[in-house]
Amino acid sequence: MKTDTIVLGAGIVGTSIALHLARRGRSVVLVDRRGPGEETSFGNAGLIERASIYPVAFPRSLTALVDVALGRNPAANYHWSALPGLVPWMYAYWRASAPARILDYARTMEKLLARSIEEHDRLAGPSGATGLFREGGWLKLYRSEAGLANERNEFPLAQRYGLTAREISVDEALAMEPSLRPVFSGAVIWSDPHSSSNPGGVTKAYADHFASMGGRIVIGDARTLARVGAGWKVTTAEGEVEAAEAVVALGPWAMDVLGPLGLRLPFAVKRGYHMHYRAEGNAALSRPVLDEEGGYVITPMVGGIRLTTGVEFARRDAPKTPVQLARTETIARGLFPLGERADPEPWMGSRPAFPDMLPVIGPAPGQKGLWLAIGHQHLGFTLGPVTGRLLAEMMTGEAPCTDPEPFAATRF
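The structure displayed is predicted, hence computed values, not measured ones. (Residues numbered from 1 in each chain as written. Predicted model: local features only at pLDDT ≥ 70, side-chain atom pairs only at ≥ 80, totals over all residues. Heavy atoms only, no water.)

A look at the nonpolar core
- Grouped together as the largest cluster of nonpolar side chains are 76 residues, with contacts concentrated most on Ile 17 and Tyr 206.
- If near-sequence neighbours (up to four positions away) are discounted, Ile 17 is found in contact with Val 7, Val 247, Ala 249, Ala 373, Gly 388 and Leu 391. (Core = buried A, V, L, I, M, F, W, Y, C linked by side-chain atoms within 4.5 Å. Buried < 20%, exposed > 50% of the residue type's maximum accessible area, 1.4 Å probe, protein only. Contact = heavy atoms within 4.5 Å.)

Below is the structure:
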C-alpha cells in the first residue's frame, strides 16, 4: 500500500493530524495497535483547558517536596525503583518550574491554547461530535486559605490573556453544583474551558470523519517504522505501507520508535489513573470539579462520575499501583455522594512529557520526511486539534497559524 503520509498513533493528536492532512488533499494511513481513542486519549478529565496558562509545575517549596516524599500529597506518588533514571529529567523539570520560566511558558503556550476551543469546534461539527461537548468551565475547590491564595496569584496573568476566573463563595459553588457537600472553604470558577462527556468518543468521531474522507485506519506495529528509499514504511495487518512522509504521534510510546532511529530527547511519562462511579440517589455534576488539595478531579462522563488522579512517577510499563485512586476516592466521597465503582478495575495511562512542559511539534532532526507531535503532558486532549492544524500547515508549506519555533525538537 502506498500513500502520501503515514501517521503513527490514533489518539487525539494523531487523529487530528490525519484529519487535517486529509482536508488538505493528502492521502493518509493512520496506524495504531488499537482503535482510535483507546489509549491515553481515553483516560483524561475531558477538559479543553483553554485557561491552562500555568502548567502542572514541579513543586518549588521545601514543604511541598517533603509532603510528596513522605506520601502526604494525594496528588503525587512515585516508585523508588524509577527515581534514579528520572533524576536528570526531574532536575530539568524543577528548573523549568522557576517563576520566571513559568511566565515564558505562559507566553508560549497561550499561542496554542487561544485556538484550542475553536479548533475542536472546527472538527467536532463535521464529525458529528458537538453533542459530546459542554460549556460551563470548571470549578476549583479549596480547603484552606493558603490554597485559595495561591489560586488568586494566577488571576492577573489570566486577565492579561483575556481569561475569566472568578472567586466565589461556598454558597455560590453549591448553587452551581448542588450535590457537593460543603467540606471546602472557597472556590474559583474558570469560565473559559469547555469539557467533554466522552473524550475517547470524540477521538473516534474525528477518526470516523477522517475515514469518510477516504482516509485509511489500519492496525499495525509502529515499532516497524523503517526507511525505504527516500521515504518510510511500516508493517500493518494489511501489509506494508509506504509513504514519502511519516508522523510520530505515539504519546508515551514515541521513544520506542525514535530511539532506534538515533533520536535522543529528554522524554518521560507521568502515569495517572481513573475510575467511574455511579452517583447515589439523584446526585449529579454539570461540569468538572477539581479538589485542589484533595488531589483529584471528578467529572461527569457517559460512563458515570469519573475520578481522575494526579501524577505517578514510575516506569511506563511497571505494574499498576493505584494507591492514589484509593486515597482520593475516600476524600472524594466526603465531597460528592459517589456510589459503587462502575469499572471492573482502575484504568491507567501515561502522560508523555518533556521537562520544559512544552510539546514537540515539527520535523525530526536529521530524519528527512519524519515529523513529530509528542509530549503534550496534561494537555493532549486540549491541544490535539490545534496541533493537527499546525503540523499539517508545516507539512504542506502553508503559513502556520502560530510560530512553531518554540516547539521544535532542536531546542534540546
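As for the sheet that holds strand 3 (residues 47-48)
- Taking strand neighbours across the sheet as the criterion, the three strands line up as 3-9-5 in an open arrangement whose pairing is antiparallel. Each end of this open sheet is capped by a strand with a single partner; those strands are strand 3 and strand 5 (133-134).
- Relative to strand 9 (residues 194-196), strand 5 runs antiparallel, the two being bridged by two bridges. Looking across to strand 9, one finds that Phe 133 is bridged to Ser 196. (Pairing = 2+ DSSP bridges. Helix = DSSP H or I, 4+ residues; strand = E, 2+ residues; numbered from the N terminus.)

Observations regarding a nonpolar patch on the surface
- There is a patch of nonpolar side chains on the surface, built from Leu 62, Val 66 and Leu 70 and spanning about 300 Å² of accessible area.
- With respect to the helices and strands, Val 66 occurs in helix 2 (residues 62-69). (Patch = residues over 30% accessible without salt bridge, like charges linked within 9 Å, V, L, I, M, F, W, Y side chains within 5 Å. Areas by Shrake-Rupley, 256 points an atom, 1.4 Å probe, with all protein chains shown as cover. Salt bridge = Lys/Arg side-chain N within 4 Å of Asp/Glu carboxyl O.)

Focus on the environment of Arg 34
- Mapped onto the elements of the fold, Arg 34 is located in the loop between strand 2 (28-32) and strand 3.
- On the accessibility criterion, Arg 34 (39% relative accessible area) is partly exposed.
- Setting aside anything within four residues of it in sequence, one finds Arg 34 in contact with Glu 39 and Ile 219.
- Of the polar contacts made by the side chain of Arg 34, one reaches the backbone oxygen of Glu 38; its length is 3.4 Å. (Polar contact = N/O pair within 3.5 Å; in protein donor to acceptor, adjacent residues only side chain to side chain.)

With respect to the pairing of strand 20 (residues 347-353)
- Within strand 20, six of the seven residues are buried, which leaves the element mostly enclosed by the surrounding structure.
- Alignment of strand 14 (residues 268-279) against strand 20, held across seven bridges, turns out to be antiparallel. Note on strand 20: the bridge partner recorded for Gly 272 is Gly 349.

As for helix 1 (residues 12-23)
- Along its 12 residues, helix 1 runs 16 Å from first to last C-alpha, staying within 8% of the 16 Å computed at 1.5 Å per residue.
- Within the span of helix 1, buried status applies to Ile 12, Val 13, Gly 14, Thr 15, Ser 16, Ile 17, Ala 18, Leu 19, His 20, Leu 21 and Ala 22.
- Two residues or fewer past helix 1, Gly 25 is found with a positive phi of approximately 85 degrees. (Expected span 1.5 Å × (residues − 1).)

Here's the deal with the side chain of Ser 196
- With respect to the secondary-structure elements, Ser 196 resides in strand 9.
- A distance of 2.9 Å separates a polar side-chain atom of Ser 196 from the backbone oxygen of Leu 132.
- At 3.0 Å, the side chain of Ser 196 and the backbone nitrogen of Asn 198 are in polar contact.
- For Ser 196, the contacting residues outside a window of four places in its chain are Gly 46, Leu 132, Phe 133, Arg 134, Val 202, Pro 300, Met 301 and Phe 381.

Observations regarding the pattern of salt bridges
- This structure, assessed with the given rule, holds 31 salt bridges.
- Here Glu 398 makes a salt bridge to Arg 24, at a shortest N to O gap of 2.5 Å. Of this pair, Glu 398 sits in the segment after helix 12 (380-396) while Arg 24 sits in the loop between helix 1 and strand 2; the two residues are 374 residues apart in sequence, bridging distant segments of the chain.
- Assessed through its relative accessible area of 34%, Glu 398 is described here as partly exposed.
- The partly exposed category is assigned to Arg 24, whose relative accessible area is 26%.
- Taking the shortest distance from any N to any O, the salt bridge between Arg 122 and Glu 118 comes out at 3.4 Å. Taken as a pair, Arg 122 and Glu 118 lie in helix 5 (residues 116-127) at a separation of four residues, close to a single helical turn.
- The exposure class assigned to Arg 122 is partly exposed, which follows from its relative accessible area of 41%.
- Of the residues examined, Glu 118 reaches a relative accessible area of 35% and is grouped as partly exposed.
- When salt bridges with common partners are traced through the structure, they connect Arg 33, Arg 34, Glu 38, Glu 39 and Lys 204 into a single cluster.

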